[in-house]
Amino acid sequence: MGVPWTECLLCCVVVMHVLVCPYTKVEESFNIQAIHDILHYSTNISQYDHLQYPGVVPRTFLGPLVVAISSSPVIGAMWLMNAPKIFEQIVVRLCLGNAVLVGLLMYADAVKSVFGRQTSRFMLIITASQFHFLFYSSRTLPNIFALVLVLFAVRSWLKQLHRSFIWLSGAAILIFRAELSLFLGILLLLDLIRQRVSIIYVIKTALPAAIVLLALTVTVDSYFWQRWLWPEGEVLWYNTILNKSSNWGTLPFLWYFYSALPRALSFSIFLVPVGLCLSPRLMQLVLPALTFVFLYSFLPHKELRFIIYVIPVCNTAVAEALHKLWINRNKSVLRKLLAFGALLHICGNILTSGIFLYTSYQNYPGGEALRRFHEIEAPTSAIHVHIDVAAAQTGITRFGQLYPDWIYNKTEDLVPGGSEMMSYSHLIIGNSTNLKYYENSHIVIDTVEGFDGLHIDRNKLPFFFWKHKPKIWILKTI
């Protein structure tokens, strides 16, 4: 029996995103560096990146550990073939993307059992036509590791598999993202209210689950961090209790509703209310998801990835709308027009996805700069390069450091033009104001441009154009 074409489509879209945008951003840095270090240094913790650059809050190693182990056979074969090291990053990202796809397909299977085969298939097609869910699916963010568990957990909830739902929810909340208690907790509360499960059963299942899961993360992460800790507990304290996540920027209360969700769902957002009207039973699934978004909006710091879990749920409502409109299309001319119009919205999704992907392609100048740097300088050269924060945050990881004899340094807060900065043979700089300190001591051997917004010109097709400007400079001592 062949693989369904919808699954092939989803796989192709994920692979395309990874190949077009193989680099990572600062939010992904801990996990991608952790995967690298587990693969390359194993139990030699002293060589791990996080001990020198720990970040603001500690993160769990459990996600990186699973990805590193599952990708190790392929990467081991790549070592035997002496494949470029950057290909390893592509492999581990595809491994994570595959895990998300498996979770999505398991969720789709539950949708099929509740809402029907056609709704399940439409949900997958709609998801493939949108940009953000599949683009993020291979990115080593804590939210994406949690997303895999959330997809399995919601599947269990739809199928009324309470034990697996509680264990999966506990793992997502206690290990990766504590705020998921808002979403998954509401689903559990609904089952309690409807007496689908008893409070005694929940307590008997949740208590041992919490003990085991906490023991797992504390044991594993204390080993890697070289101190006793519960990573997600420290994250929860920092972001929620101390509210220090606001240091990274704040957005208006309704931003998720008027900006994040419309971008993530694209044209499909217009069909969410249609699906809820045509199939009211969807409210039991969609309302908890939107309530989660509403409650999470009280946290001032907002990013689309924080609510990525609700995208498949919203797409289920869109899929049900398509299904209902399609099966009723022959009842009148108006219904036929509505059905075909609803289907055509997928073309609009694909168009916006292409725009987003092309924009993202130009948004990793640090990774591109390091790639060019390896082409400019011979592997046999004595290289000691300093990578500044702006460059490191836009695509540079240990997977991109190709030559073991070169020294790659990311020390932060060095004085521009100071003696220590002058000691490096090369500099990769992402701050144009610092270039003046090296006018007499260095030459610019390459400049990497990046995305700098969209320009609208009503007098010239296609009316909007991508603006670029220099983002990263590669300097060499004279």
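Described below are features of the structure shown in this document. (Residues numbered from 1 in each chain as written. Predicted model: local features only at pLDDT ≥ 70, side-chain atom pairs only at ≥ 80, totals over all residues. Heavy atoms only, no water.)

1. A short note on the overall build of the chain
A count of helical and extended segments in the chain gives 20 helices and five strands. Taken against the 2.2 N^0.38 rule, which gives 23 Å for 478 residues, the C-alpha radius of gyration of the chain at 24 Å falls within 12% of a compact globule. In terms of overall dimensions, the chain has a C-alpha envelope of 75 × 65 × 50 Å along the principal axes. A total of 478 residues make up the chain; the buried ones form 52% of that total. Of all intrachain contacts in the chain linking residues separated by at least 6 positions in sequence, the fraction that spans at least 24 positions is 76%. Computed over 37 positive and 27 negative side-chain charges, the separation of the two mean positions in the chain equals 15 Å. (Helix = DSSP H or I, 4+ residues; strand = E, 2+ residues; numbered from the N terminus. Rg over C-alpha atoms; globule rule 2.2 N^0.38 Å. Buried < 20%, exposed > 50% of the residue type's maximum accessible area, 1.4 Å probe, protein only. Contact = heavy atoms within 4.5 Å. Lys, Arg positive; Asp, Glu negative; His and termini not counted. Charge placed at Lys NZ, Arg CZ, Asp CG, Glu CD.)

2. As for the packing of helix 8 (residues 142–158) against helix 9 (residues 162–176)
Put simply, helix 8 and helix 9 touch, their axes get as near as 8 Å, and they point 165° apart. Viewed along their axes, helix 8 and helix 9 adopt a mutual orientation that is roughly antiparallel. Viewed along their axes, helix 8 and helix 9 form a crossing whose handedness is left-handed. Facing helix 8, whose interface residues are Pro-142, Phe-145, Ala-146, Leu-149, Val-150, Phe-152, Ala-153, Ser-156 and Trp-157, helix 9 presents Ser-164, Phe-165, Leu-168, Ser-169, Ala-171, Ala-172 and Phe-176. Here the residues of the contact of helix 8 with helix 9 sort into 13 nonpolar, three polar and no charged. (Axes fitted to C-alpha atoms, helices over the stretch in contact; angles between N-to-C directions. Parallel < 35°, antiparallel > 145°, perpendicular 65-115°, else oblique. Left-handed = near helix turned anticlockwise from the far one by under 90°. Nonpolar A, V, L, I, M, F, W, Y, C, P; charged D, E, K, R; others polar.)

3. Structural notes on the nonpolar core
Counting residues in each nonpolar core, the largest one holds 110 residues, and the members touching the most others are Tyr-107, Phe-133, Val-154, Phe-183, Leu-184 and Tyr-309. The leading source of residues in this core is helix 5 (residues 86–115), at 13 residues. When neighbours within four sequence positions are excluded, Tyr-107 is seen to be in contact with Met-123, Leu-151, Val-154, Arg-155, Leu-158, Leu-285, Pro-312, Val-313 and Thr-316. Counting 15 residues, the second largest nonpolar core, distinct from the first, contains Ala-369, Ile-387, Ala-391 and Ile-474. (Core = buried A, V, L, I, M, F, W, Y, C linked by side-chain atoms within 4.5 Å.)

4. Looking at the packing of helix 5 against helix 8
Put simply, helix 5 and helix 8 touch, their axes get as near as 8 Å, and they point 15° apart. Taken together, helix 5 and helix 8 sit at an angle that is classed as roughly parallel. Of the two elements, helix 5 crosses helix 8, and the hand of that crossing is left-handed. On helix 8, the residues touching Leu-96, Ala-99, Val-100, Val-102, Gly-103, Leu-104, Met-106, Tyr-107, Asp-109, Ala-110, Val-111 and Val-114 of helix 5 are Ile-144, Phe-145, Leu-147, Val-148, Leu-151, Phe-152, Val-154, Arg-155 and Leu-158. Classifying every residue of the contact of helix 5 with helix 8 gives 18 nonpolar, one polar and two charged.

5. Some details on the sheet that holds strand 5 (residues 464–477)
Pairing is mixed in the open sheet, where five strands are placed in the order 2-1-3-5-4. What marks the edges here is a single partner per strand, and that holds for strand 2 (407–409) and strand 4 (442–456). In this sheet, neighbouring strand axes are inclined to one another by 20° on average, regardless of whether the strands run parallel or antiparallel. Sheet topology note: the strand 1 (residues 384–387)/strand 3 (residues 426–429) ladder contains three bridges and is parallel. When the bridges of strand 3 are listed, His-386 appears paired with Leu-427. In the packing of helix 18 (residues 365–376) onto the sheet, contacts are made with strand 1, strand 2, strand 3, strand 4 and strand 5, and the angle to strand 4 comes to roughly 150°. (Pairing = 2+ DSSP bridges.)

Taken by themselves, the reported measurements are silent on function.
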